[in-house]
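# A structural walkthrough
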Amino acid sequence: MYAYLVRRLLQFAVVLLLGSIAVWAFVFALPGDPATVLLGPDASDAELAATRARLGLDESVAGQYLTWLGHALSGDLGTSFHSDQSVVDVLRERVPATAQLAVMGMVLTLAIAVPAGVVVALRPRSVLGRAFQAYLTGGLAIPAFWLGLLLIIVLAVQSRLLPATSDYVPFWEDAGQALRHTILPAIALAVPSSAVLARFVATSLGEIMTRDYIRTARAKGLPERSVIRGHALRNAALPTVTVVGMQLGGFVGGAVAIEAVFNYPGLGRLLYTAIGERDYVVVQGGVLFVVAAFLCLNLIVDVLYAYLDPRIRLL
């Protein structure tokens, strides 16, 4: 287990370094000049040159990247071009909101996907099984942002049950208000994800139910419920854990559209706004954080997977 963990940590470091290069190169390639955006079109050439020098934009490409990487390794992601606020402080304000939304979205995803996948795998021709199959098809076909707009129209504008825009209320301060402001974007995130996860659960469980050890357990006279709980679901959980980890990472980085739709003050809306304002430092820091969070979640999933299935440690 120790050797496996060391190998995964080395892979984590290499992928994170490559990810930092990709993030920096992508942001560097974006059109637009931050100095022009900051000073406006009427700025003189001397003012633009002074601003570029102040922001470090007059250095070579490699020099800018190495300077940025060195500061990032020391915990300094720079200062926002527009607000003059530290990027680390900006992320510290926004990340908890996105984390709360991602956790709530994942709880809803699991609450829907696990029973739906089990019913589809074990009772595909029952009324409930057919209903879940229709849900899975619809969930895969509906884009999350479009579902979010529908939820706003039906539950906020017409029914006035929930707010159309969502504020961040920490769950530990006021659970009721936190749920009220986060439930709609969480549903918009959970429906497509639960459809994907339920299909994995159904496919994995259906395959396992045909294995020899399942027939052996039944031949020994075990009740069907014990066979499913004690043998089938436990083994079906292995591939599901991987998908859950990837989806949770996707929630952290992929909530840009949902947070923009609901005006939710999280990391996604921060990046959306920063891209429009050409605030490259915030974009680089935010995307690098998303990449690191995604890699950390995948590392945790890999370690958990190796713990559940010791054969993985030999790969």
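## A short note on the overall build of the protein
- For the protein, the helix and strand inventory stands at 13 helices and zero strands.
- Moving toward the C terminus, one meets the helices and strands of the protein in the order α-α-α-α-α-α-α-α-α-α-α-α-α.
- Taking the principal axes of the C-alpha coordinates as reference, the protein spans close to 85 × 55 × 35 Å.
- Looking at the protein as a whole, 40% of its 315 residues are labelled buried.
- Here the contacts in the protein between residues at least 6 apart in sequence split such that 71% fall between residues at least 24 apart.
- Split by element, the accessible area of the protein, about 16,700 Å² in all, is 66% carbon and sulfur.

## Topic: the pattern of salt bridges
- Scanning the model with the defined rule gives four salt bridges in all.
- One salt bridge in this structure joins Glu-207 and Arg-211, with 3.2 Å as the shortest N-O distance.
- Judged by relative accessible area, Glu-207 falls into the partly exposed class, the value being 45%.
- Arg-211 gets classed as partly exposed once you look at its relative accessible area, which sits at 34%.
- The partner of Arg-218 in a salt bridge is Glu-224, and the shortest N-O contact between them spans 2.6 Å.

## Some words on the packing of aromatic side chains
- A full pass over the atoms with the stated rule returns one aromatic pair.
- When the ring of Tyr-65 is compared with that of Trp-68, the centres are 6.0 Å apart and the planes differ by 45 degrees; the resulting orientation is tilted. Remark: Trp-68 and Tyr-65 occur in helix H4 (residues 61–73); sequence separation between them is three residues, near one turn of the helix.

## Some words on the environment of Lys-220
- Note that Lys-220 resides in the loop between helix H9 (212–219) and helix H10 (224–254).
- Note: C-alpha distance between Lys-220 and Thr-109 (111 residues apart in sequence) is 35 Å.

## With respect to the confidence of the model for the protein
- Per-residue pLDDT for the protein averages 83, and the proportion of residues at 70 or more is 95%.
- Highest mean pLDDT in the protein belongs to helix H5 (residues 87–122) (90); lowest belongs to helix H2 (residues 34–39) (68).

## Topic: the environment of Leu-233
- As for its placement among the helices and strands, Leu-233 is situated in helix H10.
- The partly exposed category is assigned to Leu-233, whose relative accessible area is 29%.
- Spatially, the C-alpha atoms of Leu-233 and Gly-249 are 24 Å apart, while their sequence positions differ by 16 residues.
- Apart from the residues within four sequence positions on either side, Leu-233 is in contact with Val-118, Leu-205 and Ile-228.

## Topic: helix H1 (residues 2–28)
- An ideal rise of 1.5 Å per residue puts 39 Å on 27 residues; H1 measures up with 39 Å between its terminal C-alpha atoms.
- Of all the residues in H1, the buried ones are Tyr-4, Arg-8, Phe-12, Gly-19, Ser-20, Val-23, Trp-24 and Val-27.
- Tucked into the core, H1 has its buried residues touching H4 and helix H13 (280–308).

## A few points about the side chain of Asn-298
- Along the chain, Asn-298 falls in helix H13.
- Under the relative-accessibility criterion, Asn-298 is labelled buried at 18%.
- A polar contact is formed between the side chain of Asn-298 and the backbone oxygen of Phe-294, at a distance of 2.8 Å.
- In this view, Asn-298 contacts Arg-8 and Met-246; residues no more than four positions away in its chain are not counted.

## So, a nonpolar patch on the surface
- A cluster of nonpolar side chains, Met-1, Leu-304, Tyr-307 and Leu-308, forms an exposed patch at the surface whose accessible area comes to about 400 Å².
- Tracing the backbone through its elements, the reader meets Leu-304 in helix H13.
- Taking relative accessible area as the criterion, Leu-304 reaches 38% and is therefore assigned partly exposed.

## Overview of the packing of H1 against H4
- Interhelical geometry of H1 versus H4 gives an angle of 125 degrees and a closest axis separation of 11 Å. It follows that H1 is oblique to H4 by the angle criterion. Note that H1 runs across H4; the crossing there is right-handed. Of the residues in H4, those touching H1 at Leu-17, Ser-20, Ile-21, Trp-24 and Phe-28 are Val-61, Gln-64, Tyr-65, Trp-68 and Leu-69.
- Considering only residue class, the contact of H1 with H4 consists of eight nonpolar, two polar and no charged.

Quick notes on the rules
Residues numbered from 1 in each chain as written. Predicted model: local features only at pLDDT ≥ 70, side-chain atom pairs only at ≥ 80, totals over all residues. Heavy atoms only, no water. Helix = DSSP H or I, 4+ residues; strand = E, 2+ residues; numbered from the N terminus. Buried < 20%, exposed > 50% of the residue type's maximum accessible area, 1.4 Å probe, protein only. Contact = heavy atoms within 4.5 Å. Areas by Shrake-Rupley, 256 points an atom, 1.4 Å probe, with all protein chains shown as cover. Salt bridge = Lys/Arg side-chain N within 4 Å of Asp/Glu carboxyl O. Phe/Tyr/Trp six-rings, centres within 6.5 Å; stacked < 30°, edge-to-face > 60°. pLDDT = per-residue confidence, 0-100. Expected span 1.5 Å × (residues − 1). Polar contact = N/O pair within 3.5 Å; in protein donor to acceptor, adjacent residues only side chain to side chain. Patch = residues over 30% accessible without salt bridge, like charges linked within 9 Å, V, L, I, M, F, W, Y side chains within 5 Å. Axes fitted to C-alpha atoms, helices over the stretch in contact; angles between N-to-C directions. Parallel < 35°, antiparallel > 145°, perpendicular 65-115°, else oblique. Left-handed = near helix turned anticlockwise from the far one by under 90°. Nonpolar A, V, L, I, M, F, W, Y, C, P; charged D, E, K, R; others polar.

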